[in-house]
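Examining the three-dimensional arrangement
If you want the building blocks of each chain, they are given just below.
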Amino acid sequence: MKEALHFLTTQEPIFKQIISQYGLPTIPSRPQGFETLVLLILEQQVSIDSAKATYLKLRAKVSLFDPQTLSLLLDEDYRSVGVSRQKTSYIKGLSLAILNNEINIENLANKSAIEVRQELIQIKGIGNWTIDVYLMFSLQATDVFPIGDIAVVNTIKELFDIHTKEEMVSYAEKWSPHRSYATILLWHHYLNKRNRKISYTY
């Protein structure tokens, strides 16, 4: 992390200002595996706090939080804890993909970021944002830039006056091979400016 931050603050003075104003960021971390992917599905397009509440209710609903149990759980049970019909289908699809050996989540840690993306993108409901966050938080990939993240996009607009995603991706290339840490600094600014605190562990 020290090497990455030195590189980024040399490349981008704004990052140095963020650290000076808000201190060093916490590096988010989540365990590898099925539960984290389910959690990320729940986090799609909603606040982290809202997703956390739904996730905890779903966990309390079942005796085992595993693909077998969640594939068999009734749609009404999902609905009763606040999971939408669409996200229910995504969670069941992920569960069945694992049960049918279409994907081996444990093996993802041994693959490159490109291979992980190619494998996960085949599962309906798991798009690039979910994959990006899984790569960053669970697999500790160091050069991921989640352009589908609203906070990242809004922060780049605010700090760099760049307004199209194509330009953002091009601009962020100078942060490689540490774009994951650059993203964490952008989140750090976004949250602190709004006096928000987020816990990534539930």
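Placed above this text is the structure.
In this text, all values refer to a predicted model and were calculated from it rather than measured experimentally.

1. Let's talk about the overall build of the protein chain
Looking only at helices and strands, one finds 12 helices and zero strands in the protein chain. In sequence order, the protein chain lays out its α and β elements as α-α-α-α-α-α-α-α-α-α-α-α. Taken against the 2.2 N^0.38 rule, which gives 17 Å for 202 residues, the C-alpha radius of gyration of the protein chain at 18 Å falls within 12% of a compact globule. The dimensions of the protein chain, computed from C-alpha atoms along their principal axes, are 50 × 35 × 30 Å. Considering the protein chain as a whole, with its 202 residues, one finds that 47% of them fall into the buried category. Within the protein chain, counting contacts between residues at least 6 apart in sequence, those at least 24 apart form 64% of the total. When the accessible area of the protein chain is evaluated, it comes to approximately 10,700 Å², of which 50% is carbon and sulfur surface.

2. Topic: the side chain of Thr183
Within the secondary structure layout, Thr183 lies in helix H12 (residues 179-193). What Thr183 contacts, discounting residues up to four positions off in sequence, is Met136, Val144, Phe145, Pro146 and Val152.

3. Some points on the packing of helix H2 (residues 13-22) against H12
Between H2 and H12, the shortest axis-to-axis distance is 10 Å and the interhelical angle comes to 45°. As summarised for this structure, H2 and H12 are arranged oblique, according to the angle between their axes. Between H2 and H12 lies a crossing of left-handed hand. Between H2, through Phe15, Ile18, Ile19 and Tyr22, and H12, the contact on the second element is made entirely by Ala182, Leu185, Leu186, His188, His189, Asn192 and Lys193.

4. Re the pattern of salt bridges
With the rule as written, the count across this model stands at 10 salt bridges. With a closest N to O distance of 4.0 Å, Lys61 and Asp77 form a salt bridge. In this pair, Lys61 sits in helix H4 (residues 48-61) while Asp77 sits in helix H6 (residues 75-80), placing the two residues 16 residues apart along the sequence. Classification of Lys61 as partly exposed rests on a relative accessible area of 39%. According to the relative accessible area criterion, Asp77 is partly exposed, its value standing at 22%. One network of salt bridges, with partners in common, ties together Glu158, Lys193 and Arg194.

5. Considering the packing of aromatic side chains
Considering all chains together, one arrives at eight aromatic pairs under this definition. Taken together, a centroid distance of 5.7 Å and an interplanar angle of 50° make the contact between Phe160 and Trp175 tilted. A residue pair is termed long-range when its members are at least 10 positions apart, and Phe160 in helix H10 (residues 150-160) and Trp175 in the loop between helix H11 (165-172) and H12 qualify at 15 residues. With a centroid separation of 5.7 Å and an interplanar angle of 85°, the aromatic rings of Tyr171 and Trp175 are classed as edge-to-face. Each residue in the set Phe15, Phe145, Phe160, Tyr171 and Trp175 is aromatic and connected to the rest through ring pairs, giving one cluster. Against the face of Phe65 rests Arg59, its NZ or CZ located 5.7 Å from the ring centre. Its guanidinium or amino end placed over the ring of Tyr190, Arg194 lies 3.9 Å from that ring's centre, counting from NZ or CZ.

How each quantity is defined
- Residues numbered from 1 in each chain as written.
- Predicted model: local features only at pLDDT ≥ 70, side-chain atom pairs only at ≥ 80, totals over all residues.
- Heavy atoms only, no water.
- Helix = DSSP H or I, 4+ residues; strand = E, 2+ residues; numbered from the N terminus.
- Rg over C-alpha atoms; globule rule 2.2 N^0.38 Å.
- Buried < 20%, exposed > 50% of the residue type's maximum accessible area, 1.4 Å probe, protein only.
- Contact = heavy atoms within 4.5 Å.
- Areas by Shrake-Rupley, 256 points an atom, 1.4 Å probe, with all protein chains shown as cover.
- Axes fitted to C-alpha atoms, helices over the stretch in contact; angles between N-to-C directions.
- Parallel < 35°, antiparallel > 145°, perpendicular 65-115°, else oblique.
- Left-handed = near helix turned anticlockwise from the far one by under 90°.
- Salt bridge = Lys/Arg side-chain N within 4 Å of Asp/Glu carboxyl O.
- Phe/Tyr/Trp six-rings, centres within 6.5 Å; stacked < 30°, edge-to-face > 60°.
- Lys NZ or Arg CZ within 6 Å of the ring centre and 35° of its normal.

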